[in-house]
There are 2 protein chains.
Amino acid sequence: MNAQPLIRRLSRYVALTPDDERLVEEAARERVRRVGPREDVMREGERPRCLYLLVDGWGMRYKSLEDGRRQVLTFALPGDLCEQTALLLEHADHSLAAITPITVAEIAGPRLAELTTASPRLATALAWSDLCGHALQREWTVNLGQRTALERMAHLICELYYRLRAIGHTHGLAYELPATQAMLADATGISAVHVNRTLQELRAAELITLRGRHMTIHDLEALETAGLFNASYLHLDQSARSTSGQADVTPIPARSVATEP
Amino acid sequence: MNAQPLIRRLSRYVALTPDDERLVEEAARERVRRVGPREDVMREGERPRCLYLLVDGWGMRYKSLEDGRRQVLTFALPGDLCEQTALLLEHADHSLAAITPITVAEIAGPRLAELTTASPRLATALAWSDLCGHALQREWTVNLGQRTALERMAHLICELYYRLRAIGHTHGLAYELPATQAMLADATGISAVHVNRTLQELRAAELITLRGRHMTIHDLEALETAGLFNASYLHLDQSARSTSGQADVTPIPARSVATEP
DNA sequence: CGTGTTCTTGAAACTTGTCAAAGTTAGTGG
DNA sequence: CCACTAACTTTGACAAGTTTCAAGAACACG
C-alpha cells in the first residue's frame, strides 16, 4: 500500500518483477512517519540516517541563507525519493519540509543496499530515479538563471502538471497546488508580491485559473510556449526502454554507508 | 599521468590502493581526446557513449534555450567527471564545451562497470564524486535564485578559488580564470554588461583584482562574506573520513548500460 | 599590422523588489 | 455555527537593480 507510489515510479524506468515489488514494499513499510505542514522531515546540517520516500502529500527541499533568504530546490511529490548518495554525507546539505500533511517512509542504508544487491532491476530503477532528480535540478538552474518571472512561473506550472499527471494526481488539466505564493516565490527566485502579479498576468492571458489551491490550465500548449517548457527533462516516457534485454546493466549502487558510528 | 587529476580527486574521498590507482589509470588512458576552445566535447541531444573525464583545461556544462539564451550549469575543472548515471540516458540533457584547449579521457560504460565491481573503494569514491557534483548544482540553484548580482559573482569567485586550490591550481590567493565575462554572465544569470560593472564593484571594494585572465583575491574572508559563501557544499575536506574501517559500505554502482545497441 | 573578440562606458528603459495596508480565506475554539 | 485570529492574497506607489542599446577602447591572434 505504502510503497505503491514508489513502485509506480520505479516501474516507469524498469519493468519490475513481483519479487522486486515485494522487496520495495517491505522496505517502505518498515518505518513510516507522518509529518504536519510546515514541519521539517529532515534538516540541513543533520546527519542523514536514512533515505526518505515521500508516500503521500507535498513536500519541498530547500536551502537557507544565513540572512533568512530561502531557495526551494524542488517540490517533492508522492513517489519521490532522496538521492541515494545522500547517505554518504556527514551533514545533509538541504532540508525537506512538509507542505501538506505528509507520509514518509524511512529507508535505512542497509535496507537500500539489500534492494540493490538483490535486484539489478531495482538498482537500475533507483539510478534512474536519481538521474531524474538531477536532470530536474539542472533544469531549475536554467529556469532561475535565464527565464523571466513570467516564464519561470509558466515553466513551474507546466512541470508540476506533468509530474502530477504521471502519478495520477491531475483531473484533466487541473490539479491541486498546495504551495503558497510565498513558496512559489522561493522556488522561482522572485518576490512573493511579484509572484502574485505574475499569476495575474497568466490569468489575464487566459492561460490558467488559480483559485484557492485549485490550478487549472486552459491552454497547455500556450503555457509551455510561454515558459519555454519542454517536458523531456522529466523523462516521463522511459517506460519501455529498459524492459527489453538490456545486455550488461551491471548491478549498480547499493550505496549504503556505515551505520551509526 | 593522464589519470592523475582523477586519482587525486578520488583520493580526496576514499583512500585508494595502488591497485585501484592502476585501474583508474588504465581506464583513463584508453581513449584520450583533445578539444579546442569553443568546441563541444558532448552536445545536448546526442547519445552519451561514454563518460568524460576532464584531464586538463577548463570546460563548462551548459543548456541552451530555443531562443539562444544559455545557462552554464557548472564549470568543469581538471579531475571532474560526468555523473555516472548520465550513461543511462538516450539523449544527453546538456552540453560540455571546452573553454581552454582541453584534454578529456573517454571512459566507456563497461570500463566504468569494471572499476566499480573490481573495487568497492572506487565505487564509493565515484559515488562521492557524483554527490559533490549534485551538491554543487544545488548551491548554484540557490545562487541564481536568491543572491544579488554582486553576491553571485563573489560566490562564484570563491567557489572557483576553493575548487582550484584543491587541485593545486592556485598561486596563493590567485588563479587563472579563462572564462570570458560573457561566460561568467551565462553562469550567474546576469547580463554581460552587468557582469562587467559587478566586477568593477568588487575591484572598487578592493576584494579582487582581475586583469586579463589573472584573478587575485585580496581579502578572501570579506569576499566570502560578500557572497554569503560557505565552502562546506564543496566537500573538500572529506579525506580522512572514509579511510578508517567503514563497516558496511556495500559495493556500489557499476552503472553501465547496454553498449551500442 | 590589421581584424575580430572582449572589455568598458553612458544613458535610458524596464523588470522586479520593497513597503505598507486592505481584503480574503481558513482554521480554531467558544 | 459563529466569532476570531492568523495566514495568505491582493493592490498601489515608489525605489532599486538590472537590462538593453550603442559605441569606443583595449587586447589577442595570425
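Residues numbered from 1 in each chain as written. Chains lettered and ligands numbered in written order. Predicted model: local features only at pLDDT ≥ 70, side-chain atom pairs only at ≥ 80, totals over all residues. Heavy atoms only, no water.

**Some details on the overall build of chain A**
Secondary structure assignment for chain A yields eight helices and 10 strands. For the C-alpha atoms alone, the extent of chain A along its principal axes is close to 55 × 45 × 30 Å. By the burial criterion, 61% of the 261 residues in chain A qualify as buried. Taking the intrachain contacts of chain A between residues at least 6 apart in sequence as the baseline, contacts between residues at least 24 apart amount to 75%. (Helix = DSSP H or I, 4+ residues; strand = E, 2+ residues; numbered from the N terminus. Buried < 20%, exposed > 50% of the residue type's maximum accessible area, 1.4 Å probe, protein only. Contact = heavy atoms within 4.5 Å.)

**A short note on the pattern of salt bridges**
Following the criterion strictly, the structure yields 40 salt bridges over all chains and no others. In this structure, Glu-159 of chain A and Arg-163 of chain A form a salt bridge, with 3.4 Å as the shortest nitrogen-oxygen distance. One end of the pair, Glu-159 of chain A, and the other, Arg-163 of chain A, are both in helix H5 (residues 149–166), four residues apart, so they sit about a helical turn from each other. The class of Glu-159 of chain A is buried, set by a relative accessible area of 1%. For Arg-163 of chain A, a relative accessible area of 11% translates into the label buried. Taking the shortest distance from any N to any O, the salt bridge between Asp-20 of chain B and Arg-121 of chain B comes out at 2.6 Å. (Salt bridge = Lys/Arg side-chain N within 4 Å of Asp/Glu carboxyl O.)

**Considerations on the environment of Ala-123 of chain B**
Summarising the element assignment, Ala-123 of chain B is placed in helix H4 (residues 120–146). With 10 residues separating them along the chain, Ala-123 of chain B and Ala-113 of chain B place their C-alpha atoms 9.1 Å apart.

**Overview of the protein's contact with DNA strand D**
Residues and elements named next belong to chain A. Residues in contact with DNA strand D amount to 17 residues; listed here are only the nearest, Arg-38, Gln-181, Asn-196, Gln-200 and Arg-213. Backbone atoms, meaning sugar and phosphate, make up 74% of the atoms of DNA strand D lying within 4 Å of the protein. With respect to DNA strand D, the side chain of Gln-181 contributes an N or O atom lying 2.6 Å from a phosphate oxygen. Taking Gln-200, its side chain carries an N or O atom lying 2.4 Å from a phosphate oxygen of DNA strand D. In terms of residues, the surface near DNA strand D owes the most to one element, helix H7 (residues 192–204), which gives five residues. Residue classes in the surface near DNA strand D are distributed as four nonpolar, eight polar and five charged. (Near = heavy atom within 4 Å. Polar contact = N/O pair within 3.5 Å; in protein donor to acceptor, adjacent residues only side chain to side chain. Nonpolar A, V, L, I, M, F, W, Y, C, P; charged D, E, K, R; others polar.)

**Digging into unusual backbone geometry**
Positive phi outside glycine occurs at His-235 of chain A, with the angle close to 50°. Within the element layout of this structure, His-235 of chain A appears in the segment after helix H8 (220–226). Taking relative accessible area as the criterion, His-235 of chain A reaches 7% and is therefore assigned buried. Of note in this structure, Arg-38 of chain B is not a glycine but carries a positive phi near 75°.

**A few points about the sheet that holds strand E3 (residues 50–56) of chain B**
Across a sheet, strands are paired by hydrogen bonds formed along the backbone, either parallel or antiparallel in direction. Residue and element names in this part refer to chain B. Here we have three strands laid out as an open sheet, ordered E1-E7-E3, and antiparallel in their pairing. In this open sheet, the two edge strands, each paired with only one partner strand, are strand E1 (31–35) and E3. In this sheet, neighbouring strand axes are inclined to one another by 30° on average, regardless of whether the strands run parallel or antiparallel. In this sheet, strand E7 (residues 102–108) lies alongside E1 in antiparallel orientation, the contact comprising five bridges. Paired with Val-35 across the bridge in E7 is Ile-102. Running over the sheet, helix H2 (residues 18–29) touches E1, E3 and E7 and is turned about 55° from E1. (Pairing = 2+ DSSP bridges. Axes fitted to C-alpha atoms, helices over the stretch in contact; angles between N-to-C directions.)

**Section: the sheet that holds strand E7 (residues 102–108) of chain A**
Residue and element names in this part refer to chain A. A sheet is described by the order of its strands in space; here three strands give the open sequence E1-E7-E3, paired in antiparallel fashion. Each having just a single partner strand, strand E1 (31–35) and strand E3 (50–56) make up the two edges of the open sheet. Across the sheet, the axes of successive neighbouring strands diverge by a mean angle of 30°, strand direction being ignored. As defined by bridge partners, E3 adjoins E7 across six bridges and the pair is classed as antiparallel. Its bridge partner lying in E7, Leu-53 is registered against Ala-105. The sheet contacts of helix H2 (residues 18–29) involve E1, E3 and E7, and relative to E1 the element is tilted by about 55°. Sitting on the sheet, helix H3 (residues 109–118) touches E3 and E7, and the angle it makes with E7 is about 75°.

**As for the protein's contact with DNA strand C**
Surveying the vicinity of DNA strand C reveals 17 residues, the closest of which are Arg-38, Gln-181, Asn-196, Gln-200 and Arg-213 of chain B. Between DNA strand C and the protein, one listed contact pairs a phosphate oxygen with a side-chain N or O atom of Asn-196 of chain B at 2.6 Å. With respect to DNA strand C, the side chain of Arg-197 of chain B contributes an N or O atom lying 3.0 Å from a base nitrogen. When contributions to the surface near DNA strand C are tallied by element, the ones reaching two or more residues are H7 of chain A together with helix H7 (192–204) of chain B. The dominant element in the surface near DNA strand C, judged by the number of residues it contributes, is H7 of chain B, at five residues. Grouping the constituent residues of the surface near DNA strand C by class yields four nonpolar, eight polar and five charged.

**Observations regarding the UniProt feature "domain: HTH crp-type" (unreviewed entry) in chain A**
When the UniProt feature table is mapped onto this chain numbering, "domain: HTH crp-type" (unreviewed entry) sits at residues 147–221 of chain A. Structurally, residues 147–221 of chain A comprises 55% helix and 15% strand, and the distance from its first C-alpha atom to its last is 18 Å. (UniProt positions renumbered as here; feature names shortened; annotations may be inferred.)

**Remarks on the pairing of strand E6 (residues 95–98) of chain B**
Residue and element names in this part refer to chain B. A two-sided burial pattern is seen for E6, the buried positions comprising Ser-95 and Ala-97 on one face and Leu-96 and Ala-98 on the other. Where strand E2 (residues 40–42) lies against E6, two bridges are found, and the strand directions are antiparallel. When the sheet's bridge partners are listed, Asp-40 is paired in E6 with Ala-97. The sheet contact formed by strand E4 (residues 59–64) and E6 spans four bridges and is antiparallel. If you follow Arg-61 over to E6, its bridge partner there is Leu-96.

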